[in-house]
Every structure is written in C-alpha cells, then in structure tokens.
Amino acid sequence: TLKKTIGEDEFNRRYVRMQHTYFFDESIKDNWIQFEQKKNRITYIGRFAGIKHIEQIINLHKVCPNDFEFEIRGVDRSIGSASLPDLFYEIDKSKPNFKESIIGPSKETLPINSKWKKENGVADNDLMIDYPHGDKIMVFGPYDKPDGMKAIASSMFGIECYRLKDSDLYGDNIEYAMFEIIEQGTIPIFDAFTAKSVHMWKDGKQGKTMYDLELGVFLESDMSNASEVVSKLKELSSDKQKYDDLRLRCWQAYKDHSDPKSIINEFINTLENKRNNE
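Below is a short write-up of the structure. What you see is a predicted model; the values in this text were computed from it and never measured.

1. Focus on the overall build of the chain
Then, in step 1: Each helix and strand in the chain was counted, giving 13 helices and 11 strands.
Then, in step 2: The C-alpha radius of gyration computed for the chain amounts to 21 Å, which stays within 12% of the reference 19 Å derived for 278 residues, consistent with globular compactness.
Then, in step 3: Taken along the three principal axes of its C-alpha coordinates, the chain extends 70 × 50 × 35 Å.
Then, in step 4: Relative to its 278 residues, the chain shows a buried fraction of 45%.
Then, in step 5: Total accessible area computed for the chain in this model is approximately 14700 Å², and 49% of it derives from carbon and sulfur atoms.
Then, in step 6: If you average the places of the 40 positive and of the 47 negative side-chain charges in the chain, the two averages end up 2 Å apart.

Rendered as structure tokens:
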C-alpha cells in the first residue's frame, strides 16, 4: 500500500527491512522435557485470530481423533471464536443469522472452565496437563505465560497454522507463538503455505525456506496432505532419535533466524549504507 501511495523509489528511500527478533534462552533448552515424559498430544497456545486458522486444528482432529490428544489453550468465547464451526458450537451456515445457525454444542471439543472443573472434581488451578483428554479437543481460556509454556513443553507437538494471503506479505517473519513451540523443545506443526513463503536467515543472509529445510511438519490449507502429516507425527512420536534430532535442528535454525544481535547489526549496516549512498 505504501509503495502504491508514494511510489517504489520513495518507499525504498524511506524504509528499510527489519526482521522480528526472538531470544532463544539456552537454559530452557537444557531443561527440555525428555521424549519419554512427553504427552502424545497436539497443543495450540495463543489468542484467537483469523490468520491463525484454528479451523485447521479441528480439521486435523477429525482425521485422527484417536491417534493423539488435542487441546487449545488461550481461546475464550468471543464473537469471532463462537462463529467458527465446531470450535464451541455445531453451526448450520445455511441459516440467515448466527443465532439461528447454532444447532448445539460442538461434537469436536470440550470447553474447560471453573464450573466443569468443580463438577468433575478438578482443582480450579489444575492445568490438567496430566489429565486424560479423551477423543475431544479440550479448549482452555486465557493463560499466564509460564502455564502456557509448561503445557506446550509437555506435548509432543505444537500446532500454529498462521497463514497470510500472499507470500510477499511475510517478510520472512513468523509469529512469536510459533517460536515458543520450538523454544520449549516441542516439534511444530505449521501451515505449508507459510513454510513455503518464509526463508530462513543466518548471519544476515537469506537461505532456503522453512519447507525446503523441513523445519517442522507442514499441513496444507486444503488438508490434502493430512494423511501424510498424521503418518509423520506417528513416526516421530514413536522414535526418540528422530524426534530429538528434529527438535534440535529446529531449535538451531529458528534461533539463528531470529537472533537479535545478527538482526540489529544488519539493520544498522543497512542504515549506514543507505545514508552513505544518499
């Protein structure tokens, strides 16, 4: 929009590239939960937003409801989340308005709140990490960050299907919630379009895409590779060596990609070059 408004030459004169920084703390890596203690679970942590495509979690659950436990943490009922089919309600989209479209509670999920915990003898402050989830997606509301990190660290897989409309909108950036999955020693399930659109950086140089480097498990937006994804998840969850190899490789690659020192140095160098060329 800026390029169209002020022209590409003026845009290039005024603006410079800067990537998101994220500091990977080595002390967290040293305390990763061991493969044997991980839950055979797929966990989402984060807010509700259209670009996060939470419907993909529901779609994946429908493919393999009994192969993995599923949970969503950080999503409460709102106008947006309530209208997403099968998240909180079963919805008939052919109806003229939202109220009439609600058929009943979702058959895919089990929302967890204080009332449910009291009725089922669970302490209100219990994160339910060790609680059997059954064959439904447990949906938890907002969390404190340490609790969210504990939950994602305990799971075999973390899912975040962040996806934008066009590949040139990413700027080779991903969301911080995606970094958190990797930081906590959990293998990520990311959107395939995002993985094909984001190139990895190291020491100020752009490399291959997340997809080409196989830095996670990638789900197509149309679910066309769902069976392959499930097979890959099963393979990883049954092989300690493969699991540990992938999470270590992801840690190093995403750490290099988001390294604050490299990014800030590159930013300063770009500013200096731009000033010297004016």
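2. Considering the sheet that holds strand β5 (residues 109-112)
In a beta sheet, neighbouring strands pair by backbone hydrogen bonds and run either parallel or antiparallel.
Then, in step 1: Read across the sheet, 7 strands follow the order β5-β6-β2-β1-β7-β8-β11 without closing on themselves; strand pairing throughout is parallel. Edge positions in the open sheet fall to β5 and β11 (217-219), since each of these has one partner strand only. Between one strand axis and the next, the sheet turns by 25° as a mean value, whatever way the strands run.
Then, in step 2: Relative to strand β8 (residues 187-191), strand β7 (residues 155-160) runs parallel, the two sharing 4 bridges. Bridge pairing links Gly-158 to Pro-188 in β8.
Then, in step 3: Sitting on the sheet, helix α4 (residues 55-63) touches β1 (39-45), β2 (69-73), β6 (137-140), β7 and β11, and the angle it makes with β2 is about 165°.

3. Quick look at the side chain of Glu-175
Then, in step 1: Secondary-structure assignment places Glu-175 in the loop between β7 and α9 (176-183).
Then, in step 2: What makes Glu-175 buried here is its relative accessible area of 14%.
Then, in step 3: Only 2.5 Å separates the side chain of Glu-175 from the side chain of Lys-52, close enough to count as a polar contact.
Then, in step 4: Residues within four places of Glu-175 in sequence aside, it is in contact with Arg-47, Ile-51, Lys-52, Glu-160 and Tyr-162.

4. Quick look at the pairing of β5
Then, in step 1: Bridge analysis of β5 against β6 gives 4 bridges, and the strand direction is parallel. Within β6, the position partnered with Pro-111 by the bridge is Val-139.
Then, in step 2: Handedness of the crossover joining β5 and β6 through helix α7 (residues 114-119) is recorded here as right-handed.

What counts and what doesn't
- Residues numbered from 1 in each chain as written.
- Predicted model: local features only at pLDDT ≥ 70, side-chain atom pairs only at ≥ 80, totals over all residues.
- Heavy atoms only, no water.
- Helix = DSSP H or I, 4+ residues; strand = E, 2+ residues; numbered from the N terminus.
- Rg over C-alpha atoms; globule rule 2.2 N^0.38 Å.
- Buried < 20%, exposed > 50% of the residue type's maximum accessible area, 1.4 Å probe, protein only.
- Areas by Shrake-Rupley, 256 points an atom, 1.4 Å probe, with all protein chains shown as cover.
- Lys, Arg positive; Asp, Glu negative; His and termini not counted.
- Charge placed at Lys NZ, Arg CZ, Asp CG, Glu CD.
- Pairing = 2+ DSSP bridges.
- Axes fitted to C-alpha atoms, helices over the stretch in contact; angles between N-to-C directions.
- Contact = heavy atoms within 4.5 Å.
- Polar contact = N/O pair within 3.5 Å; in protein donor to acceptor, adjacent residues only side chain to side chain.
- Right-handed = clockwise from strand over helix to strand, strands pointing away.

It is worth stressing that arrangement in space is one thing and function is another; only the former is reported here.
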